[in-house]
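Listed below are the residues making up each chain.
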Amino acid sequence: MEYNIDEYKVNGKKIYINGWAHFDKYKIKVVSGEEIKEVKKYESRYDINKLFHEKIQDNNYGFKEEIEFIKPIKNAKVILETKNEEIVLLVVNNSKISKTLKKVRKILGKIKRGIKFLWREYHFLVPPTMMKKYIKDFFGKKEKERLYDPSINSEYNDWYENRYSLMPKDSKLNILTLSNKDKKADIIISDSNFVKKIKDIKDKYVCLIDGEVEFNLNAISKVEDILDDDYDLIYFDNDSIKDKKYEKPIFKPDWSRDTLLGVNYIGNCFIIKTDILKKMKLKEWNCYYILLSLIKMDVKVKHISEIVYHDRNEICNEKNTLEKYFKENKINAKVEKNMDGVTNTVIYNLEKKPLISIIIPTKDHADILEKCLKSIYDLSTYSNYEIIVIDNNSEEKETFELLKKYNKKKNFSYKRIECEFNYSYLNNEAVKLAKGDYVVLLNNDIEIITPNWLELMLGYASLDHVGVVGAKLLFPDDTIQHAGIIMGKGGLAGHAHYGKSKNYISPQYELKIPYDVSACTAACLMVSKEKFNEVKGLEEKLKVAFNDVDFNLKLLDKGYNNIFLPNVLLYHYESKSRGLDTTSEKQKRFVQEWALVEEKWQKYIEHDMFYNDNFSKNDDYMLK
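Looking at an unreviewed UniProt entry, one finds the protein chain named Glycosyltransferase, with Candidatus Onthousia excrementipullorum as its source organism.

Set out below in structure tokens:
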């Protein structure tokens, strides 16, 4: 294929379309009745360069537009026009559907999503108490609480209007502003006068603006309410403004130092304490470098989950600034520019190659275990590892034969533990046997995809501030099973982007770069043995469910960052050994484990620091 429609939606008179075409010169048109409207090319699709094995270049292969017709769309065609031909990409049939049928489809859709979420998310037959709670939460929403898709301009603008139209407006931001371009700023600066201007500032706080922005006066009061709380850095959500319409909103996580290394997610406007700015002894104006400099400082940071400003600047790639920061701070890492042209992936160079202990609990299913072991031995490019298999009550002859076969390898061992299945206990006992400085907890139904998975994970796990390092797990059909865990999803905790396509690109940054998250699944995670022991390992009261969530949060509570790596891919065949919790006894156990985690970690369930409060906890990254 040399063209594709990635997504389209039709709403009355409007059609939203997103896709790409691999041609040097082309036009995309939408024809509805007698009206013909052209779709704008909107971005360089570096993934298309890669798909066709080309050098990364700005060919503007992508197109994306939301256009409005005079009459409601009943039938329309999306046409690709080249030099020699016209190709019909899409035929839209949007004939009028009865209100009853629309309502039925909506209800069926909710039921389908609910069943899929509960069945596959938690790997068990849902206890009645949990089902009742989910139904109440899912169907109890009033129509006015509907969700909005931030990637569609009309929906985002509707959300924005509903959010801010009733808020009182302030006249201006009552704080000193500095900008290199914004003429409305109190002080206009340049590289030549930057040092002197900073030195002369007497105000406690200063708002730095890189370029030009327009403040949302409705939300300014939220900023000024916290100025007396003595924060060192205050930042907020923002969007872009174009033709008096708002687009490309960025709903940010709380302070995320590793995410900041991948992209300047904080943006072109933030408030910083003047004393902090003076301590940096900066030589030139560079807002991203200022933010990076805060990483090594003990700072008090506040994120306000409100659209406080509208940016008039394009987000640019900051690879040069990041490399400069690494060089000046003697950080041994390389920076790879991602295909989107905006974000970067940081890969830490390993100065040492410590022993890694890979721990795999198992029970029978020798074929599944062998696929896991074979993928590790055949694909892994990191050689200094040992594998410890914990055999929990296996009975099948094939399993014993497989263990004896692999036991001939120098870096392989196994131990049999006969007890009731308790994931936490089995892994805790295995860590006691581990000789490595780092441990990988790995399910037996995992298959390695990324050859340098151990190097990439170790690069982050070896950092002093990092707790757990997780990977991107895929189902065999190449849909996402795990991309970090969102606290509060489904009532307690759930996988982000669950069920999305492997190549799905989120409007935010979490699938593009190493990203700070609250938790990662123990189906594959790496952690230093020292930090594992520091929090006393996995909670053995949590025999099956949520022990990994609890473990991650114990590290987070100690001040460590947990990291999700989207560039480490593995297949997960899901709970093959243990099976589903179908008995009433197992269901009762699940509810008890849920209650234990819910009581212990309520503060993180109510507010996930790395998932913006404006997003729904039932529909990932949809605005509520």
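Next comes the rest of the description.
### Some remarks on the overall build of the protein chain
For the protein chain, the count of helices and strands is 18 helices and 30 strands. Considering the protein chain as a whole, with its 624 residues, one finds that 54% of them fall into the buried category. In the protein chain, once contacts between residues fewer than 6 apart in sequence are set aside, the share between residues at least 24 apart is 74%. Accessible area for the protein chain stands at about 30100 Å²; split by element, carbon and sulfur atoms hold 49% of it.

### Observations regarding the nonpolar core
The biggest cluster of nonpolar side chains holds 116 residues, and the ones touching the most others in it are Ile 358, Leu 442 and Trp 453. Broken down by element, this core gets its largest block of residues, 7 residues, from helix H14 (residues 453–461). Once you skip the residues sitting within four places of it in the chain, Ile 358 turns out to touch Ile 376, Tyr 385, Glu 386, Ile 387, Ile 388, Val 440, Leu 442, Trp 453 and Leu 454. One finds Val 213, Tyr 231, Cys 269 and Val 308 within the second-largest nonpolar core, a separate group that totals 35 residues.

### A word on the confidence of the model for the protein chain
Close reading of the predicted structure is inappropriate where its pLDDT is low. Residues at a pLDDT of 70 or more form 88% of the protein chain, whose mean pLDDT is 88. Note on residues 120–124: pLDDT under 50 across the span, and 28 contacts to partners over four residues away in sequence or across chains.

### Thoughts on the environment of Tyr 16
Along the polypeptide, Tyr 16 turns up in strand E2 (residues 14–21). Beyond its immediate stretch of four places on either side in the chain, Tyr 16 contacts Glu 7, Tyr 8, Lys 9, Lys 64, Glu 65, Glu 66, Ser 151 and Ile 152.

### A short note on helix H11 (residues 366–379)
If you check H11, its first and last C-alpha atoms are 19 Å apart, about what 14 residues at 1.5 Å a residue would give, namely 20 Å. When we look at burial in H11, the residues that qualify are Ala 366, Ile 368, Leu 369, Cys 372, Leu 373, Ser 375, Ile 376 and Tyr 377.

### So, the pairing of strand E1 (residues 3–11)
The two faces of a sheet get side chains in turn, since along a regular strand they alternate between them. Here E1 runs beside E2; their pairing, made up of 8 bridges, is antiparallel. Residue pairing in the sheet places Lys 9 in a bridge with Tyr 16 of E2. Here E1 folds back onto E2 in antiparallel fashion, the turn holding 2 residues, of which Gly 12 has a positive phi close to 65 degrees.

### Notes on empty space enclosed by the protein
For the coordinates displayed, the defined rule picks out 3 cavities of 30 Å³ or more. Forming the boundary of the largest cavity are 13 residues, of which Ile 485, Ile 486, Val 517, Phe 610 and Tyr 621 lie nearest the centre.

### Structural notes on the sheet that holds strand E4 (residues 35–39)
Read across the open sheet, the 4 strands follow the order E4-E3-E7-E8; overall the sheet is antiparallel. Across the chains shown, the open sheet's two edge strands, defined by having one partner strand only, are E4 and strand E8 (86–93). Adjacent strand axes in the sheet meet at a mean angle of 20 degrees, parallel and antiparallel pairs treated alike. Where strand E3 (residues 27–32) and E4 come together, 5 bridges link them in antiparallel fashion. Bridge assignment links Ile 28 to a residue of E4, and that residue is Val 39.

### Observations regarding the pairing of strand E11 (residues 205–209)
The buried fraction of E11 is high, at 5 of 5 residues. The side-chain alternation of E11 yields two buried faces, one formed by Tyr 205, Cys 207 and Ile 209 and the other by Val 206 and Leu 208. One ladder, built from 3 bridges, connects strand E9 (residues 177–179) with E11; its direction is parallel. Each residue of the ladder has a partner; that of Ser 179, found in E11, is Ile 209. In this structure, E11 lies alongside strand E15 (residues 269–273), joined through 5 bridges in antiparallel fashion. Bridged to Tyr 205 within E15 is Lys 273.

### Quick word on the pattern of salt bridges
Counted by the stated rule, this structure contains 25 salt bridges. Here Lys 432 makes a salt bridge to Glu 429, at a shortest N to O gap of 2.9 Å. Highlighted residues: Lys 432 and Glu 429, both in helix H13 (residues 423–433), separated by 3 residues, approximately one helical turn.

### Quick notes on the packing of aromatic side chains
Using the criterion set out here, one finds 28 aromatic pairs in the structure. Judged by centre distance (5.8 Å) and plane angle (80 degrees), the rings of Tyr 235 and Tyr 265 are edge-to-face. Linking Tyr 235 in strand E13 (residues 233–242) with Tyr 265 in the loop between helix H7 (257–262) and E15, this pair joins segments that are 30 residues apart in sequence. Judged by its relative accessible area of 0%, Tyr 235 falls in the buried class.

### Here's the deal with the environment of Glu 336
Relative to the helices and strands, Glu 336 resides in strand E17 (residues 333–337). With relative accessibility at 36%, the residue Glu 336 sits in the partly exposed group. Spatially, the C-alpha atoms of Glu 336 and Val 346 are 6.4 Å apart, while their sequence positions differ by 10 residues. Beyond its immediate chain neighbours, meaning those up to four positions away, Glu 336 contacts Thr 343, Asn 344, Thr 345 and Ile 347.

### What about the packing of H11 against helix H12 (residues 397–406)?
Across the interface, H11 lies against H12 with an axial gap of 9 Å and an inter-helix angle of 20 degrees. Classed by the angle they form, the pair H11 and H12 counts as roughly parallel. Regarding H11 and H12, the two cross each other, and that crossing is left-handed. Residues Ala 366, Leu 369, Glu 370, Leu 373, Lys 374 and Tyr 377 of H11 form the contact with H12, whose own contacting residues are Glu 398, Thr 399, Leu 402, Leu 403, Lys 405 and Tyr 406.

### Thoughts on unusual backbone geometry
Look at Lys 248: it is not a glycine, yet its phi comes out positive at around 50 degrees. The residue Lys 248 is located in strand E14 (residues 245–250) in this model. Phi is positive for Asp 364, close to 55 degrees, though the residue is something other than glycine.

### Points about helix H10 (residues 319–328)
Within H10 the residues assigned to the buried category are Thr 321, Leu 322, Tyr 325 and Phe 326. Burial along H10 is one-sided: seen end-on, the buried residues are contained in an arc of 135 degrees. Exposed and oriented more than 90 degrees from the buried face of H10 are Asn 320 and Lys 327. Those residues of H10 hidden inside the fold are in contact with H7, helix H9 (287–293), E17 and strand E18 (344–348).

Reading the values: rules and limits
- Residues numbered from 1 in each chain as written.
- Predicted model: local features only at pLDDT ≥ 70, side-chain atom pairs only at ≥ 80, totals over all residues.
- Heavy atoms only, no water.
- Helix = DSSP H or I, 4+ residues; strand = E, 2+ residues; numbered from the N terminus.
- Buried < 20%, exposed > 50% of the residue type's maximum accessible area, 1.4 Å probe, protein only.
- Contact = heavy atoms within 4.5 Å.
- Areas by Shrake-Rupley, 256 points an atom, 1.4 Å probe, with all protein chains shown as cover.
- Core = buried A, V, L, I, M, F, W, Y, C linked by side-chain atoms within 4.5 Å.
- pLDDT = per-residue confidence, 0-100.
- Expected span 1.5 Å × (residues − 1).
- Pairing = 2+ DSSP bridges.
- 1 Å grid on protein atoms, 1.4 Å probe; cavity = no way out; pocket = protein on both sides within 12 Å on 5 of 7 lines; lining within 4 Å.
- Points joined across faces, edges and corners; volume = space filled by probe spheres on them.
- Axes fitted to C-alpha atoms, helices over the stretch in contact; angles between N-to-C directions.
- Salt bridge = Lys/Arg side-chain N within 4 Å of Asp/Glu carboxyl O.
- Phe/Tyr/Trp six-rings, centres within 6.5 Å; stacked < 30°, edge-to-face > 60°.
- Parallel < 35°, antiparallel > 145°, perpendicular 65-115°, else oblique.
- Left-handed = near helix turned anticlockwise from the far one by under 90°.
- Arc of directions from axis to C-beta.

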